[in-house]
Amino acid sequence: MSTPKDSAHDLAAAILPLVGGPANVTSVAHCMTRLRLTLTDPTRTDEDSLRALPGVLGVVTADDTWQVVLGPGVVTRVTAEFQRLTEPERRPTEPAAAGRPAVRGAGLREERRRDATPLRTALRRLAAVFVPLIPALIGCGILAGLNGLLVNAGLLPGLTPALTAVASAFMALIPVFVGLNTAKEFGGTPALGGAVAAVVVFPGVAKVTAFGVHLSPGQGGVLGALAAALLATRVEKWCRGRVPDALDVLLTPALTVLVAGLGTLYGIMYAAGAVSTAIGTAANWLLATTGAVAGLVLGGLFLPLVMLGLHQALIPIHTTLIDQQGYTVLLPVLAMAGAGQVGAAVAVYVRLRHDTSLGASLRTTIRSALPAGLLGVGEPLVYGVSLPLGRPFLTACAGGAAGGAFIGFFAMLGDRVGASAIGPSGWALFPLLAGNRGLGVTAAIYAGGLLTGYTVGFAATYAFGGVRRAAATAAPAALPWVP
């Protein structure tokens, strides 16, 4: 009987030749559901075969970065096996293929990077900074929620202070981690980026006055840390080209920390603090004033944003809100997109209950993907069901819009629903819920939003999804669930 490790190894070994082999892979990473690969020459991939591979839920391409959708849990094991398969053989001087030298692949890669839009490049780099932090955000958020329940119930008073320390330590120091990742992504020394970003959370900054105002530890949050590490990277690169080699090991780190540190204290923290405060004020105002409309727009557009990769721009905003207020009010609204997707998938399942050809295969896919969808992992349903069919993707967005409007309406009444961590959605978000009216009210509003999203997604797809016609006319190559 095969173990999960064996299955992960087999899937990684099957993916590798379809993306051009070890010599074509320059970096390997993963998020919650996707294997993220940077390729030297993307033209060497076999995208159709990759999409048809059992276990692959979808493929998303952006410049020289390929994202293979595998699902939660599986992606972690496959990434580890993929790294084992590629790292020993990955050499910058290896030929890309017979008759196609490595310089050709490097040239294509450089050409694609020049053609990439600044927005897409910025989003990719933001993802590289913040996505690795999501597992820690989830773990600490769940522990914080559990600790809050224990404190409110008066249970285990001897344990709750320890849980508070365990759950809060990461959030207290998250700017340091942002600084490390930022410097690494932008070509600086991670330790120097982390050192300068640590200035943001150092308690001693309370004794510093900038623009006539005493600074406070944590002022500027993750945005300040991001800007501080970027400044440190620029200073370090400037020094590397000007400081004599004999003095580089001493002067470059000292000058980087000094110049970037002072710039952080006397400029970045003040400015980033103002921006962070504005973000929190704007988010609260948006939902409190135009809640139903804002929720409708955000919930309805989130699935297309995910498809385009633009949702990565929201990660720093979520993190800023969590750092500033203890929770992000945007995530529960955006999570309604997944509810609309679930409702649409159930409608497709019901519509095709009498279909014995393509409908049987599609219903099998829905049965296997629905539990993940209920827990907030929507890729299996998106790439395996609604997106290939076309119109059900739009009706799923309608369900998300309705659920978002539901939560936004209650925000207008003063009942804010937030999440203490980013990453999970669907039912998996319940342990992370937080708000200003108590957990019972917060959970009830969120549950009402989910039910609204399920209902409207189902009804819109059942009535207007054109499911049977789409299933009958869609090209088999576009349907990853067709054997």
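Keep in mind that this is a model prediction, so the values were computed, not measured. (Residues numbered from 1 in each chain as written. Predicted model: local features only at pLDDT ≥ 70, side-chain atom pairs only at ≥ 80, totals over all residues. Heavy atoms only, no water.)

A. Just the side chain of T442, in detail. Topologically, T442 is positioned in helix 17 (residues 439–464). We classify T442 as buried; its relative accessible area is 2%. Ignoring anything within four residues of it in the chain, the contact list for T442 reads R416, V417, L433, A434 and G435. (Helix = DSSP H or I, 4+ residues; strand = E, 2+ residues; numbered from the N terminus. Buried < 20%, exposed > 50% of the residue type's maximum accessible area, 1.4 Å probe, protein only. Contact = heavy atoms within 4.5 Å.)

B. Layout of the nonpolar core. Counting 59 residues, the largest nonpolar core has I174, V178, L429 and Y446 as the members making the most contacts within it. Sequence-distant contacts of Y446, defined by excluding residues within four places in its chain, comprise P332, A335, M336, I407, V417, S425, G426, L429, F430 and L433. Within the second largest apolar cluster, 22 residues are counted, among which are L16, V28, L35 and L70. (Core = buried A, V, L, I, M, F, W, Y, C linked by side-chain atoms within 4.5 Å.)

C. Seen up close, the confidence of the model for the protein chain. Looking at the protein chain, the pLDDT average stands at 82 and 87% of residues meet or exceed 70. Confidence scores differ between elements of the protein chain, with helix 4 (residues 102–115) showing the lowest mean pLDDT of 47 and helix 8 (residues 190–197) the highest of 94. Within the model, pLDDT remains below 50 along residues 91–109, and this stretch shows 24 contacts once partners closer than five positions in the same chain are excluded. Below a pLDDT of 50 lies the segment residues 475–483, which in the model reaches 19 contacts outside its immediate sequence neighbourhood of four places, other chains included. (pLDDT = per-residue confidence, 0-100.)

D. Just the environment of V441, in detail. Residue placement: V441 occurs in helix 17. Each C-alpha atom of the pair V441 and D415 lies 8.1 Å from the other, and the pair is 26 residues apart in sequence.

E. Layout of the layout of surface pockets. Approximately 800 Å³ is the volume found for the second largest pocket. Taken together, 38 residues make up the lining of the second largest pocket; nearest its centre are F302, H311, G376, E379 and G423. Taken together, the elements giving at least two residues each to the lining of the second largest pocket come down to strand 2 (34–39), helix 10 (245–308), helix 11 (315–325), helix 12 (330–334), helix 13 (336–351) and helix 15 (379–389). Split into classes, the residues belonging to the lining of the second largest pocket amount to 24 nonpolar, eleven polar and three charged. (1 Å grid on protein atoms, 1.4 Å probe; cavity = no way out; pocket = protein on both sides within 12 Å on 5 of 7 lines; lining within 4 Å. Points joined across faces, edges and corners; volume = space filled by probe spheres on them. Nonpolar A, V, L, I, M, F, W, Y, C, P; charged D, E, K, R; others polar.)

F. Layout of the packing of aromatic side chains. Across all of its chains, the model carries six aromatic pairs by this definition. For the ring pair F409 and F410, a centre distance of 5.7 Å and an interplane angle of 85° mean the geometry is edge-to-face. Given a relative accessible area of 22%, F410 falls into the partly exposed group. Through pairs of rings, three or more aromatic residues link up here, namely F406, F409 and F410. The lysine or arginine in question, R351, covers the ring of Y462, its NZ or CZ lying 4.2 Å from the ring centre. Sitting over the face of the ring of Y349, R363 holds its NZ or CZ atom 3.9 Å from the ring centroid. (Phe/Tyr/Trp six-rings, centres within 6.5 Å; stacked < 30°, edge-to-face > 60°. Lys NZ or Arg CZ within 6 Å of the ring centre and 35° of its normal.)

G. Fine view of the packing of helix 8 against helix 9 (residues 221–240). Their axes nearest at 8 Å, the elements helix 8 and helix 9 cross at an angle of 130°. With respect to helix 9, the axis of helix 8 lies oblique. Seen from above, helix 8 lies across helix 9 with right-handed handedness. Contact with helix 8, carried on its side by L192, G193, V196 and A197, involves A225, A228, A229, A232 and E236 of helix 9 and no other residues of that element. (Axes fitted to C-alpha atoms, helices over the stretch in contact; angles between N-to-C directions. Parallel < 35°, antiparallel > 145°, perpendicular 65-115°, else oblique. Left-handed = near helix turned anticlockwise from the far one by under 90°.)

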